[in-house]
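A look at the structure
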4 protein chains.
Amino acid sequence: MVNILSEGSSVVNQFIAELRDAEIQKDSLRFRLNLERLGEIFAYEISKTLEYEEKEVATQLGSALVPVLKDYPVLVSVMRAGLPFHSGFLKVFDRSESGFISAYRRPHKDFSLTLQAGYSSIPVLDGHVLILSDTLVATGSSMLMAYRELQGHGKPRHVHVATILTSQEGLDKIRRHLPGDNITYWVGVIDEELTAQSFIVPGLGDAGDLAYGRIG
Amino acid sequence: MVNILSEGSSVVNQFIAELRDAEIQKDSLRFRLNLERLGEIFAYEISKTLEYEEKEVATQLGSALVPVLKDYPVLVSVMRAGLPFHSGFLKVFDRSESGFISAYRRPHKDFSLTLQAGYSSIPVLDGHVLILSDTLVATGSSMLMAYRELQGHGKPRHVHVATILTSQEGLDKIRRHLPGDNITYWVGVIDEELTAQSFIVPGLGDAGDLAYGRIG
Amino acid sequence: MVNILSEGSSVVNQFIAELRDAEIQKDSLRFRLNLERLGEIFAYEISKTLEYEEKEVATQLGSALVPVLKDYPVLVSVMRAGLPFHSGFLKVFDRSESGFISAYRRPHKDFSLTLQAGYSSIPVLDGHVLILSDTLVATGSSMLMAYRELQGHGKPRHVHVATILTSQEGLDKIRRHLPGDNITYWVGVIDEELTAQSFIVPGLGDAGDLAYGRIG
Amino acid sequence: MVNILSEGSSVVNQFIAELRDAEIQKDSLRFRLNLERLGEIFAYEISKTLEYEEKEVATQLGSALVPVLKDYPVLVSVMRAGLPFHSGFLKVFDRSESGFISAYRRPHKDFSLTLQAGYSSIPVLDGHVLILSDTLVATGSSMLMAYRELQGHGKPRHVHVATILTSQEGLDKIRRHLPGDNITYWVGVIDEELTAQSFIVPGLGDAGDLAYGRIG
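These notes cover the structure that comes with them.

Once that is clear, we can look at the relation of the copies chain A and chain B. Two copies of one chain are present, and they are related through a rotation about an axis combined with an axial shift. Once chain A has been moved 0.0 Å along the axis and rotated by 180°, it coincides with chain B to within an RMSD of 0.1 Å. The transformation relating the two chain copies, once decomposed into turn and shift, fits a two-fold axis. Residues of chain A ranked by C-alpha distance from the rotation axis are headed by A:Ile41, positioned 3.8 Å from it. Here 100% of the contact residues of chain A are again contact residues in chain B; the copies associate through an equivalent surface.

This paragraph deals with the interface of chain A and chain B. Taken together, the 51 residues of chain A in the interface contact 51 residues of chain B. Across the chain A to chain B interface the summed buried area is about 3900 Å²; carbon plus sulfur atoms make up 55%. Contact with chain B buries surface across chain A, with A:Tyr44, A:Gln60 and A:Leu61 losing the most and accounting together for 15% of the total. Inspection of the region where chain A meets chain B yields 8 salt bridges.

Least-squares fitting of chain A to chain D yields an RMSD of 0.1 Å, with the superposition described by an axial translation of 0.0 Å and a rotation of 180°. Same-surface contact between copies: 100% of interface residues of chain A are shared with the interface of chain D.

This next bit is on the interface of chain A and chain D. On the chain D side, the residues contacting the 28 residues of chain A number 28 residues. For the chain A and chain D pair, buried surface summed over both sides reaches about 2300 Å², with 61% attributable to carbon and sulfur atoms. When the buried surface of chain A facing chain D is broken down by residue, A:Tyr119, A:Tyr212 and A:Gly216 rank first, second and third, together holding 25% of it. Put simply, chain A and chain D have 0 salt bridges between them. On inspection of chain A and its partner chain D, the count reaches 10 residue pairs in polar contact (both at pLDDT 80 or more).

Our next topic: the pairing of strand E9 (residues 183-191) of chain C. Regular strands have side chains that alternate between both faces of the sheet. All names here are of chain C. Among the 9 residues of E9, 8 are classified as buried, and the element is accordingly described as predominantly covered. Where strand E1 (residues 2-4) and E9 come together, 3 bridges link them in parallel fashion. Across the sheet, residue Val-2 finds its bridge partner in E9, namely Tyr-185.

Turning to the nonpolar core, a few remarks are in order. Grouped together as the largest cluster of nonpolar side chains are 178 residues, with contacts concentrated most on A:Phe93, B:Phe93, C:Phe93 and D:Phe93. In this structure B:Phe93 touches A:Val11, B:Ala43, B:Ser47, B:Leu50, B:Leu69, B:Tyr72, B:Pro73, B:Leu75 and B:Ile131, once residues within four positions along its chain are discounted.

All right, on to the side chain of D:Gln14 then. With respect to the helices, strands and loops of the structure, D:Gln14 is situated in helix H1 (residues 11-20). What makes D:Gln14 buried here is its relative accessible area of 6%.

What follows covers the packing of aromatic side chains. Residue and element names in this part refer to chain C. Applying the stated criterion across every chain, the model contains 18 aromatic pairs over all chains. For the pair Phe-85 and Phe-89, a centre-to-centre distance of 5.0 Å together with 80° between the ring planes defines the contact as edge-to-face. Pair noted here: Phe-85 and Phe-89 are both in helix H3 (residues 82-92), with a separation of 4 residues, about one helical turn. The two residues Phe-85 and Phe-89 agree in class, both being buried.

The next thing to look at is the environment of B:Leu33. Within the secondary structure layout, B:Leu33 lies in helix H2 (residues 28-47). Judged by relative accessible area, B:Leu33 falls into the partly exposed class, the value being 23%.

The subject of this paragraph is the packing of helix H2 (residues 28-47) of chain C against H3(C). Residue and element names in this part refer to chain C. Orientation of H2 relative to H3, taken along the N-to-C sense of each, is 45°, at an axis distance of 6 Å. By the angle class used here, H2 and H3 are oblique. Like other packed secondary-structure pairs, H2 and H3 cross with a definite hand, here right-handed. On H3, the residues that touch Arg-32, Leu-35, Glu-36, Leu-38, Gly-39, Glu-40, Phe-42, Ala-43 and Ile-46 of H2 are Pro-84, Phe-85, Ser-87, Gly-88, Phe-89, Lys-91 and Val-92.

What counts and what doesn't
Residues numbered from 1 in each chain as written. Chains lettered and ligands numbered in written order. Predicted model: local features only at pLDDT ≥ 70, side-chain atom pairs only at ≥ 80, totals over all residues. Heavy atoms only, no water. Least-squares fit on C-alpha atoms with pLDDT ≥ 70 in both. Contact = heavy atoms within 4.5 Å. Buried area = accessible area lost by both parts, 1.4 Å probe. Salt bridge = Lys/Arg side-chain N within 4 Å of Asp/Glu carboxyl O. Polar contact = N/O pair within 3.5 Å; in protein donor to acceptor, adjacent residues only side chain to side chain. Buried < 20%, exposed > 50% of the residue type's maximum accessible area, 1.4 Å probe, protein only. Helix = DSSP H or I, 4+ residues; strand = E, 2+ residues; numbered from the N terminus. Pairing = 2+ DSSP bridges. Core = buried A, V, L, I, M, F, W, Y, C linked by side-chain atoms within 4.5 Å. Phe/Tyr/Trp six-rings, centres within 6.5 Å; stacked < 30°, edge-to-face > 60°. Axes fitted to C-alpha atoms, helices over the stretch in contact; angles between N-to-C directions. Parallel < 35°, antiparallel > 145°, perpendicular 65-115°, else oblique. Left-handed = near helix turned anticlockwise from the far one by under 90°.

Encoded structure:
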């Protein structure tokens, strides 16, 4: 199941418009903030699918039976562009455990790019709800690599894959390769075109560079 | 129309549970943060009702037609308990104008309370969408007073009245006194009981004191 | 004693430069953020003058004797321009109690301005360190009015008066009228000129309008 | 040169006390916040050593000659414990470029630990001021590995090495191995003991686990 958050009109569209805008992108603080605000909104929408249990809480004047999260989802994020998006998730799910997986496209002199795997720190996933997030899905290779990195850390109860902007091709690819059940997709917006150089068009550019500067 | 955000299961319930909990309330930073996080969620839900218009945005690699907010709502908040809730709205609607209205219950030696009006700074409302927010609605008197203070600043296109916790009695009262059309209500949760001293039960206590300390 | 934070070179100057810049001011989010960041820096500098006491803390692996704040200062802020500056103080002194005093210049048709007092909510000050802050001090009248409002709430152990930008005339005036001892002044930067209309030149404009929009 | 921020009494000590406290650590949100607040304070103190240049700024009412940062430092952080500390630096130096280096101690069945290098994304350093930060320095091996990873990205004009808590042994080790000039050290507090298992005592535990949960 794919939920496309830009389809219902909401401030999600405003934030994505600012992320795309080459002029507004010059303010990297606002760029990171928009990723973070979207992370909060994705987290809130995903929270509607989570399980809650009744708990008795002692207020100053009495006692209330209130629903609380049965358990917090585990938040795994793909480096480095995923960090501000992850911050948003963590603002909402502040008691969650977090994991980080590195994946980046290393440019070569012939202008080809290879996917570079690296560091990963992943909490126990067994029996937990997992939210696997990355800012962009272009070809889908990073997300697939990230998913593979999770193997060996236990079987999650359910997986939510979240991304702000994806190409149609990238989304199709990850859906083809990941298990068909037990995964829910959360997408900000889908762009049609993916260039031979793996850039999404119209897209928004390289989210990692825009948030943190070009790698030297 | 009254929207009750705790009815659909979501992290809203978790935040309200923490706000109610007399033990967790001792951490005033977390108390304020929960008000702010709820402000962000209310803002996002209200944003689904706002108007958007298509705008052409120049991305690094092309051009995209994207929906953006037609105009930002004006955010008016009731002092002082409403401040952290307002901060949440302003995090989402960062280009909005803000107004502040003071209203507080002053305690007397015979334990009676009177509503104290005071400072207000209110932007032009004419033709704008207005979000009037306060953390709690107990008797409803503060919210009604705040609404009256808005007169003379222009006629809003639409009004959203937002509160995290209300007594049934308080909500009924403001709905009785405010115009029947053109107002949408957004409520976190409704508590049944309102004591003779105007405390909501089980409620959460005095939100102003919990966020900022007791008045001396 | 007057401490002028822009005198030692630091990022304080960068933030004040952005606050002054009519172009950067168009982004009210950044304007508020700069006030808040300065509030944090002022709070940190003032924290160097506070009293600490040794406390034994149980760590995971042993026990440490560490200095902690003997008590948290009370933070009183002048509405409405003072709110984002106050947020910065509260981020650092998160266990502090907060007070709010309203004071604003109401414009008349003949372009004269009168100082309007209003709402105030002030915690017990007796025996506490008080930080009284406002974003700007133009004529000094608001700050003096705020100080008078504090009377009747107890005698603070020490008072810190903090402002980001002041006219020389305004600073001189408040120093003339406030008690000579027991008060420390913390100033971002001092501008020489104050116009007949009470505007600081070169100044930065109306901080309340820039943060929250023009009053309607 | 080594600057020890806990030596002058300030709120730095309060934050470090909270970081150490095994009871307060249960709130991972507050733990991360304390790292971030310390990052902001370190950034501010380091900003006092940076270069500024006069710039003419057009205010609403005139023009001001103000000092602004000549250039922003590059912020390189060690994963994953360094992330919340890095967020604090980035809040202050919001126009900086950021780099990330992974380094973590991988536990073995015989309780030995090996340092694991991995992902790194590093901006151009040539001619820039570099701030290399990590939350803790235990043995010093991670920091030395991080420093080595920087080679090949250009020669920084000056390097600031920043850490909240270090063992005396770890600090001595990195000072012995890094170049003697052109590096300034910024330390929150120095603990005397380092166990055979490379734990700082009394220390604060594993900052990565406390911020993000145990690796599974």
